[in-house]
Amino acid sequence: MTNENTEITTLPAQEAARYLQNAREILSEKAGKKDGLYADVKYVKMAAGTAYSAALLILDEYLKQKEGIKFIKPKSIEDYISRIRKYDKKLLSLLVDIYDELHLAGYYHGTRSVNTIQTGLNNVTKMLAYI
């Protein structure tokens, strides 16, 4: 009997959706909510980072589709912004919002605001339609 390594390949949209679902689960199961605030910032940061990673997966796939063989993974948020600006202004707006809501407020500063994080998660969901 041979033991084969079977690699399950997922589409980028499926992988991003999985990241987003993981972020939602972290928030609902671990962060705790009361009076419009999350109780445990550690889990908010974790969920925000996971959701932001989903957004970057989406953007990478979008740029691959637009740039083809010329695609090189962006190295900074400024690079993402300048390249997305060339293709779609609505996606650019979502990117800037997600960067503020999830990366800066959620992950970096550790906001406890349920509204801020939920808005960021909803914006990542909107981004999924682009790939």
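Shown above is the structure to which this text applies.
Residues numbered from 1 in each chain as written. Predicted model: local features only at pLDDT ≥ 70, side-chain atom pairs only at ≥ 80, totals over all residues. Heavy atoms only, no water.

## Some words on unusual backbone geometry
Move 1: Phi is positive for Asp35, which is not a glycine, with a value near 55°.
Move 2: Mapped onto the elements of the fold, Asp35 is located in the loop between β1 (33-34) and β2 (37-38).
Move 3: The exposure class assigned to Asp35 is exposed, which follows from its relative accessible area of 71%. (Helix = DSSP H or I, 4+ residues; strand = E, 2+ residues; numbered from the N terminus. Buried < 20%, exposed > 50% of the residue type's maximum accessible area, 1.4 Å probe, protein only.)

## Focus on helix α5 (residues 114-127)
Move 1: Taking 1.5 Å per residue, 14 residues should reach 20 Å; α5 reaches 20 Å between its end C-alpha atoms and fits that length.
Move 2: Contact partners of the buried residues in α5: α1 (12-31), β1, β2, α2 (41-67) and α4 (89-108). (Expected span 1.5 Å × (residues − 1). Contact = heavy atoms within 4.5 Å.)

## Section: α4
An α-helix turns once per 3.6 residues; consequently, residues spaced three or four apart project the same way.
Move 1: In α4, a bend of some 30° at Tyr99 exceeds every other bend along the element.
Move 2: Burial in α4 covers these residues: Leu91, Leu92, Leu94, Leu95, Ile98, Glu101, Leu102, Ala105 and Gly106.
Move 3: On its buried side, α4 packs onto α2, α3 (77-85) and α5.
Move 4: The backbone nitrogen of Lys90 has a side-chain oxygen 3.0 Å away, supplied by the residue at the start of α4, namely Asp88.
Move 5: One or two positions beyond α4, positive phi appears at Gly110, with a value near 70°. (Bend = angle between axes of the 7 residues up to and from the residue. Polar contact = N/O pair within 3.5 Å; in protein donor to acceptor, adjacent residues only side chain to side chain.)

## Considering the environment of His109
Move 1: Note on placement: His109 falls in the loop between α4 and α5.
Move 2: On the basis of relative accessibility, which here comes to 58%, the residue His109 falls in the exposed class.
Move 3: Put simply, His109 and Ala55 are 54 residues apart on the chain and 19 Å apart in space, counted from C-alpha to C-alpha.
Move 4: In this structure, His109 is in contact with Lys45 and Leu104, ignoring residues within four places of it in sequence.

## Concerning the packing of aromatic side chains
Move 1: Within this structure, the stated rule accounts for three aromatic pairs.
Move 2: Pairing Tyr52 with Tyr99 gives two aromatic rings, centres 6.2 Å apart and planes at 55°, and the pair type is tilted. Of this pair, Tyr52 sits in helix α2 while Tyr99 sits in helix α4, and the two are 47 residues apart along the sequence.
Move 3: On the basis of relative accessible area, Tyr99 is assigned to the partly exposed category, the value being 21%.
Move 4: With 6.1 Å between their ring centres and 80° between their planes, Tyr62 and Tyr130 make a pair best called edge-to-face. You can see Tyr62 sitting in helix α2 and its partner Tyr130 sitting in the segment after α5, a full 68 residues away along the chain.
Move 5: Of the residues examined, Tyr62 reaches a relative accessible area of 5% and is grouped as buried. (Phe/Tyr/Trp six-rings, centres within 6.5 Å; stacked < 30°, edge-to-face > 60°.)

## Considering the side chain of Glu61
Move 1: Considering the arrangement of structural elements, one finds Glu61 in helix α2.
Move 2: Buried within the structure, Glu61 lacks any salt-bridge partner; Lys64 is the closest side chain of opposite charge, at an N-O distance of 4.5 Å.
Move 3: Setting aside anything within four residues of it in sequence, one finds Glu61 in contact with Pro12 and Ile131. (Lys, Arg positive; Asp, Glu negative; His and termini not counted. Salt bridge = Lys/Arg side-chain N within 4 Å of Asp/Glu carboxyl O.)

## Brief notes about the nonpolar core
Move 1: With 36 residues, the main nonpolar core has Leu27, Leu59, Ile84, Leu102, Ile117, Val124 and Met127 as its most contacted residues.
Move 2: The set of elements that each furnish at least two residues to this core consists of α1, α2, α3, α4 and α5.
Move 3: If you tally residues by element for this core, the top one is α2, at 13 residues.
Move 4: Sequence-distant contacts of Leu59, that is, excluding residues within four places in its chain, are made with Tyr80, Ile84, Leu91, Leu95 and Met127. (Core = buried A, V, L, I, M, F, W, Y, C linked by side-chain atoms within 4.5 Å.)

Spatial relationships are all this shows, so hold off on functional conclusions.
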